[in-house]
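Okay, here's what each chain looks like letter by letter:
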Amino acid sequence: MRTRYAIRKLVEKALDIKKLTPEIENEINSELTQLGYISDVDYEALELLMSEMDAGRIQLVSSLGY
């Protein structure tokens, strides 16, 4: 993906579909591994994702199921 704030864009995708799929999770992990650091914007996006998951508004799923 390698775009500016790629992690934030992935989090936005998860928030839009209200699901954290393995594909999105793997892309987030890949970005973190490749970058070796996390920007403030991406960090805040991940905090929001975790908060939404804790509140039950985002589901962790095994696949999209389309």
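Only a predicted model underlies this, so the values are computations on that prediction, with no experimental measurement involved.

Points about the overall build of the protein
Thinking step 1. What the protein contains, in helices and strands, is three helices and two strands.
Thinking step 2. Along the protein, from the amino end to the carboxyl end, the secondary structure elements read α-β-α-α-β.
Thinking step 3. Expressed as lengths along the three principal axes of its C-alpha atoms, the size of the protein is roughly 30 × 25 × 15 Å.
Thinking step 4. Within the protein, the fraction of its 66 residues that count as buried is 27%.
Thinking step 5. For the protein, the proportion of contacts with a sequence separation of at least 24, taken over those separated by at least 6, is 71%.
Thinking step 6. Of the accessible surface of the protein, which amounts to about 4,500 Å², a share of 50% is contributed by carbon and sulfur atoms.

Quick word on helix 2 (residues 22–35)
Thinking step 1. Spanning 14 residues, helix 2 covers 20 Å between terminal C-alpha atoms, matching the ideal 20 Å at 1.5 Å per step.
Thinking step 2. Listing the buried residues of helix 2 in full gives Ile 24, Ile 28 and Glu 31. Viewed end-on, helix 2 has its buried residues packed into an arc of 60 degrees, placing them on one side of the element. Facing away from the buried side of helix 2 by over 90 degrees, the exposed positions are Asn 26 and Thr 33.

Here's the deal with the pattern of salt bridges
Thinking step 1. This model, assessed by the stated rule, comprises two salt bridges.
Thinking step 2. Between Glu 12 and Arg 8 there is a salt bridge whose closest N-O contact spans 3.5 Å. Placement of both Glu 12 and Arg 8 in helix 1 (residues 6–17) is noted, with a separation of four residues, approximately one turn of the helix.
Thinking step 3. Since its relative accessible area comes to 38%, Glu 12 is described here as partly exposed.
Thinking step 4. Residue class for Arg 8 comes out partly exposed when judged on its relative accessible area of 29%.

A look at the nonpolar core
Thinking step 1. Of all hydrophobic cores here, the largest spans 11 residues; its members are Ile 7, Leu 10, Val 11, Ala 14, Leu 20, Ile 24, Ile 28, Ala 45, Leu 46, Leu 49 and Ile 58.
Thinking step 2. Secondary-structure elements contributing two or more residues to this core are helix 1, helix 2 and helix 3 (40–54).
Thinking step 3. When residues of this core are assigned to their parent elements, the largest contribution, four residues, is made by helix 1.
Thinking step 4. Apart from residues no more than four positions distant in its own chain, Ala 45 is found in contact with Arg 8 and Val 11.

Rules behind the numbers
Residues numbered from 1 in each chain as written. Predicted model: local features only at pLDDT ≥ 70, side-chain atom pairs only at ≥ 80, totals over all residues. Heavy atoms only, no water. Helix = DSSP H or I, 4+ residues; strand = E, 2+ residues; numbered from the N terminus. Buried < 20%, exposed > 50% of the residue type's maximum accessible area, 1.4 Å probe, protein only. Contact = heavy atoms within 4.5 Å. Areas by Shrake-Rupley, 256 points an atom, 1.4 Å probe, with all protein chains shown as cover. Expected span 1.5 Å × (residues − 1). Arc of directions from axis to C-beta. Salt bridge = Lys/Arg side-chain N within 4 Å of Asp/Glu carboxyl O. Core = buried A, V, L, I, M, F, W, Y, C linked by side-chain atoms within 4.5 Å.

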